[in-house]
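Reading the structure
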Amino acid sequence: MSVQIWTLLIVGLSFALYIGIAIWSRASSTKEFYVAGGGVNPLMNGMATAADWMSAASFISMAGLISFMGYDGSVYLMGWTGGYVLLALLLAPYLRKFGKFTVPDFIGERYYSQTARIVAVVCALFVSFTYVAGQMRGVGIVFSRFLEVDISLGVIIGMCIVFFYAVLGGMKGITYTQVAQYVVLIFAYMVPAIFISFLMTGNPIPQLGLGGTTTDGGYLLDKLDGLNQELGFAAYTSGTKSMIDVFAITAALMLGTAGLPHVIVRFFTVPKVKDARSSAGWALLFIAILYTTAPAVAAFVRTNLIETVSNQPYSQMPEWFSKWEEAKLIAFDDKNKDGLIQYVKDPAVNELTVDKDIMVLANPEISKLPNWVIGLVAAGGLAAALSTAAGLLLVISSAISHDLLKNAINPNISEKGELRAARIAAAAAVVMAGYLGVNPPGFVAEVVAFAFGLAAASFFPAIILGIFDKRTNMPGAMAGMITGIVFTAAYIIYFKFINKAANTPDHWFMGISPEGIGTLGMVINAVVTLVVSRMTPAPPLKVQEMIESIRVPRGAGKAHAH
Amino acid sequence: MSGKDLKKYWKENVTYLLILLGVWFLVSYGAGILFVKQLDSIRIGGFKLGFWFAQQGSIYTFLVLIVVYVRLMNKLDKKYDVNE
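On a predicted model such as this, the values are computed, not experimentally measured, just so you know.

Quick word on the overall build of chain A
From N to C terminus, chain A includes 21 helices and two strands. Its C-alpha radius of gyration of 24 Å places chain A within 12% of the 24 Å reference for a compact globule of 562 residues. Seen along its three principal axes, the alpha-carbon backbone of chain A occupies a region of about 75 × 55 × 40 Å. Relative to its full complement of 562 residues, chain A shows a buried share of 60%. In chain A, 83% of the contacts between residues at least 6 apart in sequence involve partners at least 24 apart.

Some thoughts on the packing of helix α7 (residues 114-146) of chain A against helix α17 (residues 415-438) of chain A
Residues and elements named next belong to chain A. Two elements in contact, α7 and α17, have axes separated by 8 Å at closest approach and are oriented at 60 degrees. The orientation of α7 with respect to α17, classified from their angle, is oblique. Where α7 crosses over α17, the handedness of that crossing is right-handed. Two secondary-structure elements touch here, α7 through Val-132, Ala-133, Met-136, Arg-137, Val-139 and Gly-140 and α17 through Ala-433, Gly-434, Leu-436 and Gly-437. In the contact of α7 with α17, the residues fall into six nonpolar, three polar and one charged.

Considerations on the interface of chain B and chain A
Often, the extent of an interface is quoted as the loss of accessible area upon association of its parts. Between chain B and chain A, the contact holds 34 residues from the first and 42 residues from the second. Only α1 (3-34), β2 (47-48) and α3 (49-79) of chain B provide two or more residues apiece to the side of chain B that touches chain A.

Concerning unusual backbone geometry
Look at A:Tyr112: it is not a glycine, yet its phi comes out positive at around 35 degrees. With respect to the helices and strands, A:Tyr112 occurs in the loop between α6 (103-110) and α7. Phi at B:Asp81 takes a positive value of approximately 55 degrees, unusual for a residue other than glycine. For B:Asp81, the position within the fold is in the segment after α3. Taking the C-beta count within 10 Å as the criterion, B:Asp81 has 10 such neighbours and is therefore assigned exposed.

What to know about the environment of B:Ser58
Its location among the elements puts B:Ser58 in helix α3. Taking the C-alpha atoms as reference, B:Ser58 lies 5.4 Å from B:Ser28; in sequence the two are 30 residues apart.

A short note on helix α5 (residues 74-98) of chain A
Residue and element names in this part refer to chain A. When the terminal C-alpha atoms of α5 are compared, their 34 Å separation across 25 residues agrees well with the 36 Å that a helix rising 1.5 Å per residue should span. The largest bend in α5 comes to about 45 degrees, at Leu-91, with the proline Pro-93 one to four residues further on. The buried fraction of α5 amounts to 23 of the 25 residues, a majority that puts the element mostly inside the structure. At the exit of α5 stands Gly-99, carrying a positive phi of roughly 75 degrees.

What to know about the domain arrangement of chain A
Residue and element names in this part refer to chain A. Segmentation of chain A into domains returns domain 1 (3-300 + 355-440) and domain 2 (441-555). Taking the mean C-alpha position of each, domain 1 and domain 2 sit 24 Å from one another. With 36 residues of domain 1 at the contact, the number on the domain 2 side is 37 residues. Breaking the side of domain 1 that touches domain 2 down by element, the ones donating at least two residues are α5, α6, α7, α11 (243-258) and α13 (273-309).

Notes on the nonpolar core
All names here are of chain A. Grouped together as the largest cluster of nonpolar side chains are 212 residues, with contacts concentrated most on Ala-88, Val-162, Ala-166, Leu-185, Ile-287, Ala-389 and Leu-393. Top contributing element to this core by residue count: helix α8 (residues 151-201), with 22 residues. Two domains each put at least three residues into this core: domain 1 (3-300 + 355-440) and domain 2 (441-555). When neighbours within four sequence positions are excluded, Val-162 is seen to be in contact with Leu-386, Ala-389, Ala-390, Leu-393 and Val-430.

Cut-offs applied
Residues numbered from 1 in each chain as written. Chains lettered and ligands numbered in written order. Predicted model: local features only at pLDDT ≥ 70, side-chain atom pairs only at ≥ 80, totals over all residues. Helix = DSSP H or I, 4+ residues; strand = E, 2+ residues; numbered from the N terminus. Rg over C-alpha atoms; globule rule 2.2 N^0.38 Å. Buried ≥ 20, exposed ≤ 12 C-beta atoms within 10 Å, placed from the backbone. Contact = placed C-beta atoms within 7 Å. Axes fitted to C-alpha atoms, helices over the stretch in contact; angles between N-to-C directions. Parallel < 35°, antiparallel > 145°, perpendicular 65-115°, else oblique. Left-handed = near helix turned anticlockwise from the far one by under 90°. Nonpolar A, V, L, I, M, F, W, Y, C, P; charged D, E, K, R; others polar. Expected span 1.5 Å × (residues − 1). Bend = angle between axes of the 7 residues up to and from the residue. Domains from an automatic or database assignment. Core = buried A, V, L, I, M, F, W, Y, C linked by C-beta atoms within 7 Å.

Here it is in structure tokens:
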């Protein structure tokens, strides 16, 4: 069977599965819509959280990024998993005990301020929309390359599927489809990884194969270091970023991911605080399977790519090369007209540009794996994108129907009315996300990279200090959030938009790039919050009692509205 | 539970967090970033040790940390009778 028939078959089957689950798990109350009734098993919640957390970027782009960055790519690996530790230890159990539906709920109540709640809603909406646009783009890429349909049509198909189960099933539908999507995506990631690891190193476990030897006897990583250096790139295992920048970027990613609203909300779906803790453990296990495989895939694909293309005649490139050229993700420009592909660091001589997104998607073809594996990878990429998109859409809909409509505009709205509003908001959000996916505004890619830093510099201290420091009050938190976000945004805007030419390590403050500046913004935020809080009156007694109560697990009950 | 017990419970909880986050810092920022060069001179199979920590070892440690945290906290909850 051809690649395309296999892809259609596997993608079609996986979509049928998601729709079947959605019909089986329709939501009938707001509680089911927002938090799946609060009765999800921790292991299931762990899988759903893992699928929620691992976006199209984790599945499609991450290994490619590492492949080009080598050691420097570690910032994503440590950043996105280390942030998870912070979430599990410092946030999940306490927010679960707090027992409301959303993060703005916590901010609004902890800082006894409607303004704080609305600021939190706006931030949650901003982060979610930029993120969801990225997911939809991922869906479009997979469709256009593997099923050879137009990117726009691909996005619309993806939208219809998400629309169906997010609008119908709410959190309940999303949770159970995410469980299925996790299984699909991890299977799709591991099968080619195991194949390629075995082909290149004789060891079927990619995590071990990375440290193994290739067929010619030497260690794979040493060989790759050598290949990279021959072509003028930095050695794979050493990278080019300065230590302080690697440090700052890793921290910004860690602190930023810990504050992502669509992941936090998953912990409201389990029955007890104890379950919130253990489901965090399950989730990291499921995430770690992919995250420890990705660097292995990165090194294998990089070696394979260099060996396939470097100094080889263009006319003899395999079939996948021209297919990805058509998708405009590979470009070859024969500068010296010798018909050979020169792939080197020096931009004046280099003739090949490869988009990072194709490294995972093209891996099965580069490694000449069977056709069904290629179809499987397409289904996995879609599962990763759709599961994250659905989680984000739910945050958007609950931010509108619950935080804005119910808590800020019309507190007397009926349960039925709120559920209807939640569905309408979810539907509108799907349409808007689809629109952004078809017509991605130029700034999306730029903004996504900085969303973490901005989240770290604004939300992180407010939530952490809200739990761990009773003395932190409304003026302190507000002052901290404002200084943190203004400082970080100003730095990013200056180097990325106003004075692009100055965006080099010599001009950066302390050598920290705009990608990592959120870490410093976070520190400034925390210091301002602590100082201002101590110069102004302590928070009301009621709030102090609330903090006492979230620190103790007993009496959590299920997540409730009031 | 009395206020005094609550304070003690919270203090032990925070101590656990500090220790666990200390390890968290050591394996990622320590072994994976600050001391990566020094550790890279040690080799285990095909891995330079610092590189291994940055791309593999830190993640395994993170997982162990959460498992240890869940166990410690479940025990602590029982000790202070605040479990569910």
